[in-house]
Structure formats: C-alpha cells, structure tokens
Amino acid sequence: MTSPQESIASSTDGSARLRRPELGWLREQLGMDLLGFEEEVIGASRGFISTTWRLRLQSDPPGVPPQSVVLKSETSNPEFRQLARDLRAFEREVRFYRDLAPRIDTHLPTLYACGNGADDCWLLMEDLTELRPGDQIRGLSQREAMAVLRRIAAVHATYWMDPQLDAHPWLPTNTFWFQGRFDALLEGFEAEYGLRIGERTLALLRQVVEQNDAIDRALLERPWTLVHGDLRADNLLFGEPGERDEALILDWQTVNRSVGAIDLAFLVGGSEPPAERAGHLHELLELWHGELLAHGVRGYSLADARHDLQLAALRCLTAVLQLYRFCQDPQITVRAAVLNGEAIQRYAGVMEELRAWEALPEGMLP
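> Even after reading the chapter, I still don't get the overall build of the chain, so can you show me in this structure?
From N to C terminus, the chain includes 12 helices and 12 strands. In terms of C-alpha radius of gyration, the chain reaches 21 Å, essentially the compact-globule figure of 21 Å for 366 residues. For the chain, the C-alpha atoms occupy an extent of roughly 70 × 50 × 40 Å along the three principal directions. Of all intrachain contacts in the chain linking residues separated by at least 6 positions in sequence, the fraction that spans at least 24 positions is 73%. Roughly 15400 Å² of accessible area belongs to the chain as shown, and the carbon and sulfur atoms make up 49% of that amount. Once the 37 positive and 55 negative side-chain charges of the chain are each reduced to a mean point, those two points are 0 Å apart.

> Where do I start with unusual backbone geometry in this structure?
Trans is the prevailing form of peptide bonds, just as negative phi is the prevailing case for residues other than glycine. Residue Pro-61 follows Asp-60 across a cis peptide bond; omega there is 5 degrees. Following Pro-65, the chain continues into Pro-66 via a peptide bond in cis, with omega recorded as -5 degrees. Mapped onto the fold, Pro-66 is located in the loop between β4 (51–59) and β5 (68–73). Backbone geometry at Arg-88 places phi at a positive 55 degrees, although glycine is not the residue there. Assignment of secondary structure puts Arg-88 in the loop between α2 (78–87) and α3 (89–100). Its relative accessible area of 33% is what places Arg-88 among the partly exposed residues.

> I keep staring at the sheet that holds strand β7 (residues 122–126) and nothing clicks. Help me out?
Pairing between the strands of a sheet comes from backbone hydrogen bonds, and it takes one of two forms, parallel or antiparallel. Taking strand neighbours across the sheet as the criterion, the 5 strands line up as β3-β4-β5-β7-β6 in an open arrangement whose pairing is antiparallel. Both edges of this open sheet fall to β3 (34–42) and β6 (111–114), since each of them pairs with a single strand only. Sheet twist, expressed as the mean angle between neighbouring strand axes with direction ignored, is 25 degrees. For β3 and β4, the ladder comprises 8 bridges, and the chain directions are antiparallel. By the bridge assignment for β4, Gly-36 is matched with Gln-58. Helix α1 (residues 23–30) contacts β3, β4, β5, β6 and β7 of the sheet and is inclined by roughly 100 degrees relative to β3. Lying over the sheet, α3 contacts β5, β6 and β7, oriented at roughly 40 degrees with respect to β7.

> Please explain the pairing of β4 as it appears in this structure.
The side chains of a regular strand alternate between both faces of the sheet. A large share of β4 lies buried, amounting to 7 of its 9 residues. Where β4 and β5 come together, 6 bridges link them in antiparallel fashion. Its bridge partner lying in β5, Thr-52 is registered against Lys-72.

> Help me understand the pattern of salt bridges in this model?
Side-chain pairs of opposite charge can arise whenever the charged atoms involved come near each other. Tallied over the full model, the rule gives 28 salt bridges. The salt bridge partner of Lys-72 is Asp-251, with a shortest N-O separation of 2.3 Å. Taken together, the residues span a long stretch of sequence, with Lys-72 in strand β5 and Asp-251 in the loop between β11 (247–249) and β12 (256–258) at a distance of 179 residues. Residue classification places Lys-72 among the buried residues on the basis of a relative accessible area of 3%. The partner of Arg-257 in a salt bridge is Asp-166, and the shortest N-O contact between them spans 3.4 Å. In this pair, Arg-257 sits in strand β12 while Asp-166 sits in the loop between α4 (142–158) and α5 (186–210), placing the two residues 91 residues apart along the sequence. Its relative accessible area of 16% is what places Arg-257 among the buried residues.

> Can you help me understand the nonpolar core in this one?
Nonpolar side chains in soluble globular proteins tend to be buried together. Judged by nonpolar contacts, the single largest core of 99 residues is most densely connected at Phe-96, Phe-189, Leu-226, Trp-252, Trp-288 and Leu-321. Aside from chain neighbours lying at most four places away, what touches Trp-288 is Leu-149, Ala-153, His-156, Gly-260, Ala-261, Leu-264, Tyr-300 and Ala-305. In terms of nonpolar packing, the next biggest core, distinct from the first, is built from 14 residues, Trp-25, Leu-30, Met-32 and Leu-55 among them.

> Looking at this structure, how should I read the sheet that holds strand β8 (residues 132–133)?
Ordered by their spatial adjacency, 3 strands build an open sheet running β8-β10-β11, and the pairing between neighbours is antiparallel. Pairing within the sheet leaves two strands with one partner each, and these edge strands are β8 and β11. Pairing of β8 with strand β10 (residues 236–238) involves 2 bridges; the strand directions are antiparallel. Paired with Pro-133 across the bridge in β10 is Leu-237. On top of the sheet, α4 reaches β8, β10 and β11; it is set at about 55 degrees to β11, its chief contact.

> Would you mind going over the environment of Leu-171 with me for this structure?
Tracing the sequence through the fold places Leu-171 in the loop between α4 and α5. Distance from Leu-171 to Asp-119, taken between C-alpha atoms, is 17 Å for residues 52 residues apart in sequence.

> Explain α4 here, please?
For the α-helix, the turn length of 3.6 residues means that residues three or four positions removed from each other point alike. Here α4 is 17 residues long and its end C-alpha atoms lie 25 Å apart, about the 24 Å a rise of 1.5 Å per residue gives. For α4, the tally of buried residues reaches 14 of 17 residues, placing the bulk of the element in the interior.

Parameters at a glance
Residues numbered from 1 in each chain as written. Predicted model: local features only at pLDDT ≥ 70, side-chain atom pairs only at ≥ 80, totals over all residues. Heavy atoms only, no water. Helix = DSSP H or I, 4+ residues; strand = E, 2+ residues; numbered from the N terminus. Rg over C-alpha atoms; globule rule 2.2 N^0.38 Å. Contact = heavy atoms within 4.5 Å. Areas by Shrake-Rupley, 256 points an atom, 1.4 Å probe, with all protein chains shown as cover. Lys, Arg positive; Asp, Glu negative; His and termini not counted. Charge placed at Lys NZ, Arg CZ, Asp CG, Glu CD. Buried < 20%, exposed > 50% of the residue type's maximum accessible area, 1.4 Å probe, protein only. Pairing = 2+ DSSP bridges. Axes fitted to C-alpha atoms, helices over the stretch in contact; angles between N-to-C directions. Salt bridge = Lys/Arg side-chain N within 4 Å of Asp/Glu carboxyl O. Core = buried A, V, L, I, M, F, W, Y, C linked by side-chain atoms within 4.5 Å. Expected span 1.5 Å × (residues − 1).

Interpretation note: all reported values are geometric properties and have no functional meaning in isolation.
In structure tokens, the structure reads:
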C-alpha cells in the first residue's frame with residue numbers, strides 16, 4: 001500500500017509531482033472507517049523541505065472526529081528533498097513528538113500517526129488551519145514576537161541543561177540548515193547585496209565566515225537546551241491574544257540541542273521587520289530571559305543572555321549566504337525569492353542593533 005514518501009512520480013515533462021494519498025492507507029493509519037476524503041495542498045509556497053496536505057474526511061458514521069487532518073510528507077523538489085534527508089528532518093520531527101513533546105507544557109498539535117522518519121517520511125496531525133498562519137514576508141508584529149517568545153521560553157526552560165537530552169542519539173548538537181562553509185559565495189553575495197547591507201555588515205560577515213569553526217566551538221561552551229532551529233513566521237500559527245492558542249510553534253524538523261538564544265536570534269533577526277523591531281530588541285531579550293527565570297532556570301543572568309544572543313546572531317548570520325545560494329536556483333518561486341531577499345536584509349540589520357561583533361571568539365580581525 002503506497003505511503004506518502006512513495007507518492008512522488010514523474011510527470012510527462014520529467015518534473016516531480018505528488019500523487020494523492022490512498023484511501024486504504026489513510027483508513028489503516030487513523031483506524032477509522034472512511035468512505036473517502038478531499039485533499040488540498042496547503043502552504044505550498046511556504047514550506048521548503050516538506051509538503052503539507054489538508055485532508056477532509058468522510059467517515060461512517062458521519063461526524064466521527066477527527067473530521068479533518070493534516071498530512072506532512074516529503075517535498076517534490078529534489079534539492080530540498082535531499083536537504084531534508086541530509087538533515088534527517090522527518091526523523092527529528094517524529095522523534096520530537098514521540099520522545100520530547102510530552103514533557104512540554106505548551107500547546108502543540110496532536111500527532112495521530114507517523115512513519116519512522118528515516119525512510120518512511122510522513123506525519124498525520126491535528127488540523128489547526130482555522131488559526132491564522134504567520135507570513136514571513138509580512139513579518140511579525142512586536143506583540144506576535146513576544147507571544148512566540150513566551151512559548152519557546154517554556155520549551156527552553158523544560159530542557160535547560162537537562163542530561164536526559166543525551167539519552168536521545170537522534171538529537172543533533174548545533175546542526176542547522178544555515179551552517180557550513182560558504183567562502184565561495186562571498187564574492188557574488190557582496191556584488192549583489194553590498195550596497196543594501198553596507199560595508200560594516202559585510203566586514204562582519206567576512207569575519208563570521210573566517211571564524212566559522214571558532215563560533216561553533218564557542219556555542220559548545222554555553223548553556224544548552226532544546227531548540228527549534230528554524231523559528232520563523234512561516235512556522236507559526238496565531239489565535240486570539242491571551243488564549244491558549246495565541247501562538248503555536250510548528251515544524252520541529254530542525255530540533256536541536258544548542259544555545260536557547262539561537263531561537264531568539266533567528267526569530268527576531270529573520271521575522272520582525274526592522275521598523276517594527278527598532279528600539280524594542282532589549283525588551284524582547286528581557287522578556288525571553290524573564291520567562292526562563294519564571295519557569296525555573298537559575299544561574300543565568302541577563303548579561304549571559306545578551307552575550308548568548310550576540311553569539312547566536314553571529315551563527316545565524318550565515319543564513320544570508322545560504323539564502324543567497326537558494327536564490328541561484330532558476331526554479332525558485334517569486335514568493336521564495338522575495339522572502340529570501342527580505343530575510344537577508346533583516347538578518348544583516350539586526351547585527352548593528354545587537355553589536356554582535358562583541359561576541360566574535362577571536363575578536364574583530366583586520
């Protein structure tokens with residue numbers, strides 16, 4: 001019986017396309033007597049390493065919950081499908097929901113069924129599409145960013161320096177999609193973006209590329225916890241302010257053991273527009289730090305948090321080069337190109353506000 005990861009077929013022009021899931025397979029996974037279902041691909045222009053379907057179920061008898069589910073499976077884009085496998089993205093998300101999510105006291109979607117994540121890459125989950133999705137191009141308001149930071153701080157505090165994370169060999173340490181050696185991209189990036197981000201930020205980017213390994217070593221010396229690793233607007237849902245579902249964090253495919261401030265740097269640097277963020281960055285840092293303390297973290301000062309945010313921002317800065325590389329794909333969608341260009345300038349802009357160069361392990365070299 002065909003499972004979602006086997007449903008990638010070749011169309012007449014040789015490109016990849018997705019087949020609809022089979023009814024018998026869906027009956028088996030949900031343990032329901034289904035007469036049929038209607039499917040639609042959702043968030044097609046937002047996801048990179050996965051494809052998400054909404055399935056409206058026709059049950060016998062009618063009205064048996066769930067009446068709809070979300071199916072997440074591999075993307076039909078061969079480059080991003082390979083990236084997902086290199087990152088072990090589905091394995092990480094499956095294991096997150098099975099092994100780690102039960103301890104987290106924040107609203108997460110219910111997981112109904114899943115593959116093993118290694119060679120069987122899919123998840124059947126609660127349908128939360130009635131909530132408003134975040135939009136990476138629009139960005140986040142200050143209120144939305146604060147709501148997300150309250151949620152992610154609860155996750156960070158739950159696993160703060162928790163040795164139980166070592167019991168999960170599937171969980172990587174400091175392994176991010178925006179990490180790597182990007183020396184060969186610097187010249188092209190500078191020619192295209194130099195005037196937009198300025199010489200000062202370009203100089204810092206050169207230092208980050210040169211001190212890449214030292215930055216990774218510095219991260220290993222800082223307090224660690226469970227981090228999302230790709231905390232951005234397109235991976236968020238929003239409900240009513242003050243409610244349990246005010247902010248929901250999705251897509252745990254890049255979950256990591258790392259410095260908690262990585263999530264803060266990535267969220268604020270990539271998803272909050274500079275005009276909205278200006279003058280409020282320290283307020284966000286204080287909120288995140290205060291939530292950690294409120295959830296029981298001890299021995300971690302605001303000065304520690306500020307240093308870790310600077311260091312995390314340096315690590316996240318290489319995202320501009322990875323995004324620039326993605327933009328070289330001739331098949332890139334218009335939305336993805338606009339999204340990447342906007343994110344590049346946001347990441348670059350936050351460096352000045354943070355004085356991120358203060359955390360360079362080897363100092364600012366000539």
